[in-house]
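Reading the structure
Here are the chains, one letter per residue:
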Amino acid sequence: QVQLVESGGGLVQAGGSLRLSCAASGRTFSSYTMGWFRQAPGKEREFVAAISGSGAIIYYADSVKGRFSISRDKAKTTVYLQMNSLKPEDTALYYCAARTLGITILQTEYNYWGQGTQVTVSS
C-alpha cells in the first residue's frame, strides 16, 4: 500500500553534516504525518523528529534539537532530515515512518516504516 525508502546515510566525522531523504511510493496521502526514528546497536529505537501533514507542526527529540531539521514536500509525500553538528552518539540506523492521523512522537502510532539507512559518525 505504502512504501518508504530512506537514503543519504553514510560515514561522517564528528561535526559534519548529512541529509537523509525518505521517498514514498504507492498509495499515499499528503495529510500523512511523517517521522524519523533511530536505533543504535544494543539500544531501543527512539524518536528523532516528526512533521505534521501540513508541515505546520514539528517535534524534535531533546537530543537533536538545534542540530537537526525536518522538512517535507507535501505533494510528493517526501520527508528530509538535515543533520548538522553530528556527534558519535548520533550513530544509528535511521528509519522513516508515516501515519494517517495527526502528529505524535509515539512509535506505536505510525502505520508504515522504511527499511532504514545507516548513519555512522566517527570521533
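Let me begin by describing the structure that accompanies this report. Everything numeric in this text was worked out from a predicted model, so none of it was measured. (Residues numbered from 1 in each chain as written. Predicted model: local features only at pLDDT ≥ 70, side-chain atom pairs only at ≥ 80, totals over all residues. Heavy atoms only, no water.)

This paragraph deals with the pairing of strand β5 (residues 46–51). Taking burial as the measure, the 6 residues of β5 include 5 buried ones, the bulk of the element. Of the pairings in the sheet, the one linking strand β4 (residues 33–39) to β5 comprises 5 bridges and is antiparallel in character. Along β5, the bridge assignment pairs Gly-35 with Ala-50. Hairpin geometry of β4 and β5 is characterised by an intervening segment of 6 residues between the two adjacent antiparallel strands and by a positive phi of about 75° at Gly-42. As defined by bridge partners, β5 adjoins strand β6 (residues 58–60) across 3 bridges and the pair is classed as antiparallel. Residue Ala-50 lies in a different strand from β6, and its bridge partner there is Tyr-59. Remark: 6 residues form the turn of the hairpin made by β5 and β6, two consecutive strands paired antiparallel; Gly-55 in that turn has positive phi of roughly 85°. (Buried < 20%, exposed > 50% of the residue type's maximum accessible area, 1.4 Å probe, protein only. Helix = DSSP H or I, 4+ residues; strand = E, 2+ residues; numbered from the N terminus. Pairing = 2+ DSSP bridges.)

Note that Thr-33 resides in strand β4. Non-local contacts of Thr-33, meaning those with residues more than four positions away in its chain, are made with Ile-51, Ser-52, Gly-53, Arg-72, Ala-97, Ala-98, Arg-99, Leu-101, Gly-102, Ile-103, Thr-104 and Tyr-110. (Contact = heavy atoms within 4.5 Å.)

Here we come to the packing of aromatic side chains. Here the distance between the centres and the angle between the planes together describe a pair of aromatic rings. Per the counting criterion, the structure on display carries 6 aromatic pairs. Centroid distance Phe-37 to Phe-47: 5.7 Å. Interplanar angle 70°. Geometry classified as edge-to-face. With Phe-37 in strand β4 and Phe-47 in strand β5, this residue pair connects regions lying 10 residues apart in the sequence. Both residues of the pair, Phe-37 and Phe-47, belong to the buried class. Arranged with centres 5.0 Å apart and planes meeting at 50°, the rings of Phe-37 and Trp-113 form a pair that is tilted. Of the two residues, Phe-37 sits in strand β4 while Trp-113 sits in strand β10 (residues 112–113), which places them 76 residues apart along the sequence. The class of Trp-113 is partly exposed, set by a relative accessible area of 27%. By the ring-pair criterion, three or more aromatic residues cluster together here, those being Phe-37, Phe-47, Tyr-95, Tyr-110 and Trp-113. (Phe/Tyr/Trp six-rings, centres within 6.5 Å; stacked < 30°, edge-to-face > 60°.)

Time to look at a nonpolar patch on the surface. A cluster of nonpolar side chains, namely Ile-57, Tyr-59, Ile-105 and Leu-106, defines an oily patch on the protein surface of about 350 Å² accessible area. Relative to the assigned elements, Ile-105 resides in the loop between β9 (92–99) and β10. Residue Ile-105 is classed as partly exposed on the basis of its relative accessible area of 42%. (Patch = residues over 30% accessible without salt bridge, like charges linked within 9 Å, V, L, I, M, F, W, Y side chains within 5 Å. Areas by Shrake-Rupley, 256 points an atom, 1.4 Å probe, with all protein chains shown as cover. Salt bridge = Lys/Arg side-chain N within 4 Å of Asp/Glu carboxyl O.)

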